[in-house]
2 protein chains.
Amino acid sequence: MVRDKEQTRQRLIEAVGTALSEHGFQGLGVNAVARVAGVDKVLIYRYFGGLAELLEAYGESQGFWPSREEVLGRKVAVIKALPKAERVEAVLLGLLDALRQRPQTIEVLAWEAVQQSPLTAMLAERREAWSRQILAELFDDAGPEDRPLLTLASLLVAGFQYLLIRARRGSVYGGIALDSEAGWAEVRDAIRRACRAGCN
Amino acid sequence: MVRDKEQTRQRLIEAVGTALSEHGFQGLGVNAVARVAGVDKVLIYRYFGGLAELLEAYGESQGFWPSREEVLGRKVAVIKALPKAERVEAVLLGLLDALRQRPQTIEVLAWEAVQQSPLTAMLAERREAWSRQILAELFDDAGPEDRPLLTLASLLVAGFQYLLIRARRGSVYGGIALDSEAGWAEVRDAIRRACRAGCN
DNA sequence: CTCGCATGTCACCGTTAGGTGACTTTATAG
DNA sequence: CTATAAAGTCACCTAACGGTGACATGCGAG
């Protein structure tokens, strides 16, 4: 044993991610996390106060939601110069690809969709704040007349997030092959088409 | 006590629906269902073999997935005469309204999205079969060139199903007010716009 | 009427969960 | 060296779960 409080805290936080990837948010509990961390569960209470606070720390430490750079690349200025519909397209496709790299985030999204608890409420609020921020940054020239376009964007995000959630375990949805790159190429194509519809 | 096997079976099946509406698929277990039915849990094993088979019976009894009439109204012939994009639009809007009337079905959809089990696999397969059937009936004239349109349709269905799932407990997603009729009107409008994009 | 079987009740088992108090070990300040 | 407080271990509690065997009860055939 190392007898180092900070390191043990860190191991617990990482164990949350591991447990999420391996067994999903179901079965995520004090006992499971402690088991994965190889640590006594009582330390969760001592160091964090409880599972809720540990999960909160996990949410802070990991940027479990992708950063703006991860979604947009480094070309924010380029994107801002595009017409609105193409801006939406760039954000959506970037977000899709970023999320596909983050199984733990998808797991949290699934959780959020299914359970309402103080923790998931916090995560949901953070996600909403994130989208408001993107909006403010990339669409500062948007007025009420762009509301339909932005609603369409949210609907499309909802759509591929749902597909990502189902792809964790299932392999096909509505004829789309979720386990093949070809299937996701079709999804990307559908997003592009839908965005073009938003402009008029 | 009534001492009527068939009636008790029926009460158990109905209790599944009640338990689903009241407490969600989480916490749906032998004990909970028996409690709601006001019946001893051992009867679930005696009459059905176990919870899985009881749930299967629930899936059969309730048309928990809406019928074609419920989605399309009685005007199938009229819809078939429309251009493809408008046909998609009619199906999607009909499905959205039908699902909004069926909280239990939405609960099952959430479940399906989150847990992979023999039962949810069966439900998922049934849903896929349903969509294949709609496709065959309404789009018998569709060729490979319509594949993008149908992918877009599936993406939009995924989108509003996700919104329906979140609307059970949350109230806002990506700026859309899920607890107000105005929010859903925006969603419907976005679906219409996206469908129009599919034709070219 | 009464006997037998179908119907329904009850008590109990093992397991797992969240949670807590009391214990042991180790680093370090004095 | 030693006292002490932090760090970590252990044993145990209650509750809920899925599941099962033994029991009580009422209906209907003979």
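Not measured: the values here are computed from a predicted model.

What counts as what
- Residues numbered from 1 in each chain as written.
- Chains lettered and ligands numbered in written order.
- Predicted model: local features only at pLDDT ≥ 70, side-chain atom pairs only at ≥ 80, totals over all residues.
- Heavy atoms only, no water.
- Domains from an automatic or database assignment.
- Contact = heavy atoms within 4.5 Å.
- Buried area = accessible area lost by both parts, 1.4 Å probe.
- Helix = DSSP H or I, 4+ residues; strand = E, 2+ residues; numbered from the N terminus.
- Buried < 20%, exposed > 50% of the residue type's maximum accessible area, 1.4 Å probe, protein only.
- Phe/Tyr/Trp six-rings, centres within 6.5 Å; stacked < 30°, edge-to-face > 60°.
- Salt bridge = Lys/Arg side-chain N within 4 Å of Asp/Glu carboxyl O.
- Nonpolar A, V, L, I, M, F, W, Y, C, P; charged D, E, K, R; others polar.

Trainee: Would you explain the domain arrangement of chain A in this entry?
Mentor: Residues and elements named next belong to chain A. Segmentation of chain A into domains returns domain 1 (5-61) and domain 2 (68-198). One C-alpha centre belongs to domain 1, the other to domain 2; they are set 28 Å apart. Residue-level contacts link 13 residues of domain 1 with ten residues of domain 2. Across the interface of domain 1 and domain 2, roughly 950 Å² is buried in total on both sides, 68% from carbon and sulfur atoms.

Trainee: Explain the environment of Val108 of chain B here, please?
Mentor: Residues and elements named next belong to chain B. Mapped onto the fold, Val108 is located in helix H8 (residues 103-114). Since its relative accessible area comes to 3%, Val108 is described here as buried. Between the C-alpha atoms of Val108 and Val2, which are 106 residues apart in sequence, the distance is 31 Å. Beyond its immediate sequence surroundings of up to four residues, Val108 is in contact with Leu20, Phe64 and Leu123.

Trainee: What is the right way to read the packing of aromatic side chains from this model?
Mentor: The description of an aromatic ring pair uses the distance of the two centres, along with the angle that the planes make with each other. Within the structure shown, the criterion is met by seven aromatic pairs over all chains. Ring centres of Trp65 of chain A and Trp130 of chain A lie 5.4 Å apart, and the angle between their planes is 75°; on these two criteria the pair is classed as edge-to-face. Note that Trp65 of chain A is positioned in the loop between helix H4 (51-61) and helix H5 (68-72) and Trp130 of chain A in helix H9 (residues 118-138), a separation of 65 residues in sequence. Trp130 of chain A shares its class with Trp65 of chain A; the two are buried. These aromatic residues form a ring-pair network of at least three members: Tyr162 and Tyr173 of chain A together with Tyr162 and Tyr173 of chain B.

Trainee: Just to check I follow, could you spell out the interface of chain B and chain A for this structure?
Mentor: Buried accessible area, meaning the area lost when the parts come together, often serves as the stated size of an interface. In this complex, chain B contributes 45 residues to the contact, which on the side of chain A involves 45 residues. Where chain B packs against chain A, one counts four salt bridges. Between Glu112 of chain B and Arg166 of chain A there is a salt bridge whose closest N-O contact spans 2.6 Å. Contributions of two or more residues to the side of chain B that touches chain A are made by H8, helix H9 (118-138), helix H10 (147-167), strand E1 (172-173) and helix H11 (181-198) of chain B. Broken down by element, the side of chain B that touches chain A gets its largest block of residues, 16 residues, from H10 of chain B. Counted by class, the side of chain B that touches chain A contains 24 nonpolar, eleven polar and ten charged residues.

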